[in-house]
Amino acid sequence: MKHHLVIGLEVHVQLLTRTKLFCGCRNQFGLPPNSATCPVCLGLPGVLPVMNRRAFELAVKAALALNCEIPLFTKWDRKNYYYPDLPKNYQISQYDLPLSRNGWLDVESPAGNRRIGIIRVHLEEDAGKLTHDEQGKGDSLVDLNRTGTPLLEIVSRPDIVAPEEAKAYLEEIRLLMRELEISDCEMQEGSLRCDANINVHVAVPDGCFAATPIVEIKNLNSFRAVERALKYEASRQIAEFEKKFGKEWQIREGQPREFAGRLVCPVMDAERGQPIPKATAGWNEDRGVTVVQRSKEEAEDYRYLPDPDLVPVVVDPAWLDEMRSQLGELPAAQRRRLQADYALTAYEAGVLTAQGRALVAYFEETAQTAGDPKEASNWIINDLLQVLNESKRSLADLPLKPRSLGGLIRYLKQTGLNKQRGRDIFARMLEKGIEAEQAAGELGIQVVGDESELAEIVRRAIAANPKAVADYKNGKKKAADAIKGAIMRETKGMARIEVVQRLLLEELEKVPSDEKA
Amino acid sequence: MAEQQFSDPRNPNSSSSDESLGEWPASVLAEHIRDGRLKAEEVAEYFLSKVRQRDASIRAFLRIDEEAVLRQARQIDLRRQQGEPIGPLAGLPVAVKDNICVGGEQTTCASRILEGFVPPYDAGVITRLKDAGAVLFGKTNMDEFAMGSSTENSAYFKTVNPWDRRCIPGGSSGGSAAAVASGQVPLALGTDTGGSIRQPASHCGVVGMKPTYGRVSRYGLVAFASSLDQIGPIARNVRDCALLLQVLAGHDERDSTSIDRPAEDFCDRLEEPFESLTIGVPREYFAEGLDAEVEQAIREAIAVFKDQGAQVKDLSLPHSPYGVAVYYLVATAEASSNLARYDGVHYGRRAEQYEDLIDMVCQSRGQGFGAEVKRRIMLGTYALSAGYRDAYYLKAMQVRRRIRDDFCRAFSECDVIVGPVAPTPAFLIGEKVDDPLAMYLSDIYTNPANLAGIPALSLPCGFTTAGLPIGLHLQAAPFAEETLLRVARAFERATTWHERRPSFPDATES
């Protein structure tokens, strides 16, 4: 059965500001409960919010990095709902005039380079945290430290076509936010949160596609959970469709809507002739299933109104230009440039870029010193990243500077030392913060550089391997490899292989062919 | 008639601490305290004695801590003795409406739901009063959460009109206006969301002013309708009103809506005559529902201006008839959101018995709010609800803009707009409690100034035959408080209405 997944993500990102969005309290994870609070974020009577300029700046930067339009006028709205983690019983958010809209993000997805649309990016205050008694008997505890911390909401268009792509999109957002120091995006600490909307367009006989009811999956607290939950939910929806279509579900005759080049009709409740409302689901990590909660009969009514305590924000175009100029090169552009300028593959460019700007800069300096970008990329991806991951050290803490790594690559090329020898030297350099030649010296690696010395070794090897020589002379060119192996053993791998090759052939030519017994 | 009399203010220089103190303008009291001719403690003692004599019948104060009052006054005297600067309001008692937070003191908004709530912070205006040397003089009664026009909606008790104790003092700043009118305090703070300073000032025969929106910090004012609320002064005369405004006005970085502009001196040019003055008289003001005696008093007031050489301009504010409708949508919509925080979860009153979280919130709010507050929360919730928002809230916001534009046009043709403050003088207690719409219509002349954000003032301009005061409403362009006060002072100079005092049994003994 032919089908397409339709996925949209709503991502919440906590901003790395020193203080909260509307008061001077610290914005910091892990403080003792209710210690970072004041009358403003506690919502005491009579106090007023004052916007944190820095938070607005970071939000605009994020929106610019997501290629959004930034209107020159934006305002704050109250979203009214009652909840004990929300002391004012309204959240200050943005409704009809968000600070940005209509952006996109280029993502390296398994399906190739894909552009995912962004509907809007807006700023709002976070709510507090409730801790419920495990048995459901005792009181619930309220911690208002997080109340009023700045939160960026990034709403994608339903352009994502696969769970893997959803993960790639999230990874790209995290990379962007970290690179621009907008957020640390730690899903475990809740500084990046994700709700996923998903449904499936299933081909039906008349050439149309039937759209299953949208399900919003909440409580996704890892990248893996997002991918797994979407996979599970997609198959659950397809199974449900197969079971119900033509019975409880049908599609209504009438105007199909076009979506991604497909004609799409939503499935209807056959009995009531009504569309099936959107449902909410939770993700159960242990069981690996989504649990669909009953869909609400009525949509929640937040009774939005402009917040009269805050003045609208008027954005200065010159300031906006300044913000734009501070963005620097963003990951997507970086990936393109690494491929174009250094002839790296998409994979290599992707791996390097994903590590952040510092590593890309490291690569570029290494490549320039080495004069060989490919080798620089190989060394960094295969060896340096492993060291970084295992040692949990940051690039800046490594004693191995990019120029030294470039030097190593050059040295290996000059000497013809093999990869294993190279790794030994690399390890020594890392350990001591020294240059390649010095490291090689300390390891007792002496390159046999003198050709006459090497020619002598070659001659000795020829003499010691008459059988192989005879085979070679009889046309078995492969036989030379055995002699070469003997030479390399003799030199302990410290001779340049191409020189050995040349000398060996020269010396073999000198051996008369009638020498066979 | 029995309850009114002309009091002869004695010469302030002739005596220092007898009964006549109460007749002295606050500005004169302040001067004497600064000079050392009068002690702040004596002044405090005097007004506390008036509270003891009079408040049992007036009931203007919700709470007053005599010790705290005397402590502040002695502190002023001490500082003066030590040669420290003591500020423009030094030693002057100022009563504070109970929706303005005073750190460490109970602030209830005359509501059960905030019973026992003690804010840990001072409102912006309280900080300014303290810095100016004022003596904070108790918290005054009001309509619950400032919702009302009669102070009958207080959850605690009703305040009466000092001129006729069968009548309401007006509201919602009825406690502040009655306290000043009954000579219990020379100055008071009120708050005005739709007329809550001007209407009680009018009904009590005192001067009350709502400044331009943004002129005075709202930090620490418990919000009713944030885009309309302003704190303002209530006093016996225009100069005292200007003196208090001078201290209240100014930017506060804790209130984003407070305007950052250089301070003007409201007292300096108060007595200066006008080169030319044009007063605007909107024809919409003299319509059905306006009491004949009130209309008469306003017409006479206009004549006073004319006699002084003012031009009188007939003009139109075509959208002002929609003021009440717009006001009761905008104000209630904001209130429904502002009052959502009183849920019994974090502070204030929590119901004693409840089944679960939702029940706890419902019970706490159900028990904690009075009928009028509930009515307005419901109205506002309705106006913002999906399906009604466009027709009510958004439409109201559009008409609000038209109302503002009307004023803008009008002020290109005149300096101040003159009219009645309220369509009737103070009505009887209980007269309108069962008719909310009639109650709402008593704000018909005052609502538009809040919707437009312009400054407006009420000052005495006559009395009914029954002896109830009538207020004259003066409105000016945004930030034209100086003009407004000068015009008011010009009227005051030409009339004697402000000299009348309600009578008290204690005033006759001497």
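Residues numbered from 1 in each chain as written. Chains lettered and ligands numbered in written order. Predicted model: local features only at pLDDT ≥ 70, side-chain atom pairs only at ≥ 80, totals over all residues. Heavy atoms only, no water.

Take the overall build of chain A next. Helix and strand content of chain A: 16 helices and 20 strands. Relative to the globule expectation of 24 Å for 517 residues, the C-alpha radius of gyration of chain A, 32 Å, shows a markedly less compact shape. Along the longest, intermediate and shortest principal axes, the C-alpha atoms of chain A span 105 × 60 × 55 Å. The 517 residues of chain A split such that 52% are buried. (Helix = DSSP H or I, 4+ residues; strand = E, 2+ residues; numbered from the N terminus. Rg over C-alpha atoms; globule rule 2.2 N^0.38 Å. Buried < 20%, exposed > 50% of the residue type's maximum accessible area, 1.4 Å probe, protein only.)

Let us now look at the overall build of chain B. Within chain B, the secondary structure is distributed over 16 helices and 13 strands. Compactness check: chain B gives a C-alpha radius of gyration of 22 Å against a globular reference of 24 Å for 510 residues, within 12% of the reference. C-alpha extents for chain B along the principal axes are approximately 70 × 55 × 45 Å. Buried positions account for 63% of the 510 residues belonging to chain B. The contacts in chain B between residues at least 6 apart in sequence include a share of 75% that link residues at least 24 apart. Of the roughly 18200 Å² of accessible surface on chain B, 49% is carried by carbon and sulfur atoms. (Contact = heavy atoms within 4.5 Å. Areas by Shrake-Rupley, 256 points an atom, 1.4 Å probe, with all protein chains shown as cover.)

The next thing to look at is the sheet that holds strand 12 (residues 469-476) of chain B. Residues and elements named next belong to chain B. Reading across the sheet, the 11 strands line up as 2-4-3-5-7-6-11-12-10-8-9 and stay open at both edges, with mixed pairing between neighbours. A strand with exactly one partner marks an edge of an open sheet, and here the two such strands are strand 2 (61-63) and strand 9 (311-315). Neighbour-to-neighbour, the strand axes of the sheet open up by a mean angle of 35 degrees, direction not taken into account. Note that strand 6 (residues 207-210) and strand 7 (residues 230-235) share two bridges and pair antiparallel. Paired with Val-207 across the bridge in strand 7 is Ala-235. (Pairing = 2+ DSSP bridges. Axes fitted to C-alpha atoms, helices over the stretch in contact; angles between N-to-C directions.)

We now examine the domain arrangement of chain B. Residues and elements named next belong to chain B. Its domain assignment divides chain B into domain 1 (21-265 + 290-318 + 404-499) and domain 2 (323-400). Just the C-alpha atoms count here: the centres of domain 1 and domain 2 sit 27 Å apart. Taken together, the contacts link 30 residues of domain 1 with 27 residues of domain 2. If you sort the residues of domain 1 by the area they bury against domain 2, Ile-113, Tyr-440 and Leu-451 come out on top, with a joint share of 29%. Along the contact surface separating domain 1 from domain 2 lie one salt bridge. Glu-115 is the salt-bridge partner of Arg-349, the closest N and O atoms lying 3.3 Å from each other. In this structure, the connection of domain 1 to domain 2 is made through 15 residue pairs in polar contact (both at pLDDT 80 or more). (Domains from an automatic or database assignment. Buried area = accessible area lost by both parts, 1.4 Å probe. Salt bridge = Lys/Arg side-chain N within 4 Å of Asp/Glu carboxyl O. Polar contact = N/O pair within 3.5 Å; in protein donor to acceptor, adjacent residues only side chain to side chain.)

Time to look at the environment of Gly207(A). Note that Gly207(A) resides in the loop between strand 10 (192-203) and strand 11 (209-211). Remark: the alpha-carbon pair of Gly207(A) and Thr74(A), spanning 133 residues in sequence, is separated by 44 Å.

Take a nonpolar patch on the surface next. Together, Phe73(A), Leu97(A) and Val314(A) make up an exposed nonpolar region whose accessible area comes to about 270 Å². Within the secondary structure layout, Phe73(A) lies in strand 2 (residues 73-74). (Patch = residues over 30% accessible without salt bridge, like charges linked within 9 Å, V, L, I, M, F, W, Y side chains within 5 Å.)

The next subject is the interface of chain B and chain A. Often, the extent of an interface is quoted as the loss of accessible area on bringing the components together. Each side of the interface is counted separately: chain B has 39 residues, and chain A has 30 residues. Buried surface at the junction of chain B and chain A, summed over both partners, amounts to about 2700 Å²; 57% is from carbon and sulfur atoms. The largest share of the area that chain B buries against chain A comes from Ser256(B), Arg341(B) and His346(B), three residues that together contribute 23% of it. Where chain B packs against chain A, one counts one salt bridge. Residues Asp309(A) and Arg218(B) are paired through a salt bridge, measuring 3.2 Å at the closest nitrogen-oxygen approach. The tally of links between chain B and chain A comes to 18 residue pairs in polar contact (both at pLDDT 80 or more). Those elements that place two or more of their residues in the side of chain B that touches chain A are helix 9 (323-338), helix 10 (357-368) and helix 11 (371-384) of chain B. The element best represented in the side of chain B that touches chain A is helix 9 of chain B, accounting for five residues. Among the residues making up the side of chain B that touches chain A, the classes are represented as 19 nonpolar, 11 polar and nine charged. (Nonpolar A, V, L, I, M, F, W, Y, C, P; charged D, E, K, R; others polar.)

Below, the discussion takes up the nonpolar core. Ranked by internal contacts, the top residues of the largest apolar core, which has 169 residues, are Leu129(B), Phe145(B) and Leu189(B). Leu9(A), Leu220(A), Phe223(A) and Cys265(A) belong to the second-largest nonpolar core, a separate cluster that totals 80 residues. (Core = buried A, V, L, I, M, F, W, Y, C linked by side-chain atoms within 4.5 Å.)

Here is the key point about a regular strand: its side chains alternate between the two faces of the sheet. Residues and elements named next belong to chain A. Here four bridges tie strand 17 (residues 279-284) to strand 18 (residues 289-292), and the two strands are oriented antiparallel to one another. Pairing of Asn-284 across the sheet is with Val-289, part of strand 18. Here strand 17 hands over to strand 18 after four residues, with Gly-288 in that stretch at a positive phi of 70 degrees.

A separate point is the sheet that holds strand 4 (residues 90-93) of chain A. Within the open sheet, the three strands sit side by side as 4-3-19 (chain A). Their pairing is antiparallel. In this open sheet, the two strands that pair with only one neighbour each are strand 4 and strand 19 (305-306) of chain A. Judged from the four bridges that link them, strand 3 (residues 77-80) of chain A and strand 4 of chain A form a sheet pairing that is antiparallel. Each residue of the ladder has a partner; that of Asp77(A), found in strand 4 of chain A, is Ser93(A). Strands in contact with helix 9 of chain B are strand 3, strand 4 and strand 19 of chain A; relative to strand 3 of chain A, the strand with the most contacts, it is inclined by about 60 degrees.

Turning our attention to the confidence of the model for chain B. Taken as a whole, chain B shows an average pLDDT of 94; of its residues, 95% reach a score of 70 or greater. Across the assembled chains, the prediction reports ipTM 0.93 with pTM 0.90. (pLDDT = per-residue confidence, 0-100.)

This next bit is on helix 16 (residues 497-510) of chain A. All names here are of chain A. For helix 16, built from 14 residues, the straight-helix expectation of 20 Å at 1.5 Å per residue is met to within 8% by its first-to-last C-alpha distance of 20 Å. Listing the buried residues of helix 16 in full gives Val-499, Val-500, Leu-503, Leu-504, Glu-507 and Leu-508. What you see down the axis of helix 16 is that its buried residues fit within an arc of 155 degrees, all on one side. Against helix 13 (451-464), helix 14 (466-473) and helix 15 (479-491) lie the buried residues of helix 16. (Expected span 1.5 Å × (residues − 1). Arc of directions from axis to C-beta.)

Cis geometry is found at the peptide bond from Gly171(B) to Ser172(B), where omega equals 10 degrees. By the secondary structure assignment, Ser172(B) is in the loop between strand 4 (135-140) and helix 5 (174-181). Notably, Ala343(A) is not glycine yet its phi reads approximately 55 degrees, a positive angle. Tracing the chain through its elements places Ala343(A) in the loop between helix 6 (331-342) and helix 7 (346-354). Under the relative-accessibility criterion, Ala343(A) is labelled exposed at 56%. One non-glycine residue, Ala110(B), adopts positive backbone phi at about 55 degrees. Positionally, Ala110(B) belongs in the loop between strand 3 (93-97) and helix 4 (124-131). The class for Ala110(B) is buried, based on a relative accessible area of 0%.

Applying the stated criterion to the full structure yields 26 aromatic pairs over all chains. Their ring planes at 70 degrees and their centres at 6.2 Å tell us that Tyr302(A) and Tyr304(A) sit as a pair that is edge-to-face. Within the aromatic cluster, the residues linked to one another by ring pairs are Phe117(B), Phe145(B), Tyr342(B), Tyr347(B) and Phe369(B). We note Lys79(A) situated over the ring of Tyr302(A); from NZ or CZ to the ring centre the distance is 4.4 Å. The residue whose ring lies beneath Arg174(A) is Phe223(A), and the NZ or CZ to ring-centre distance is 4.3 Å. (Phe/Tyr/Trp six-rings, centres within 6.5 Å; stacked < 30°, edge-to-face > 60°. Lys NZ or Arg CZ within 6 Å of the ring centre and 35° of its normal.)

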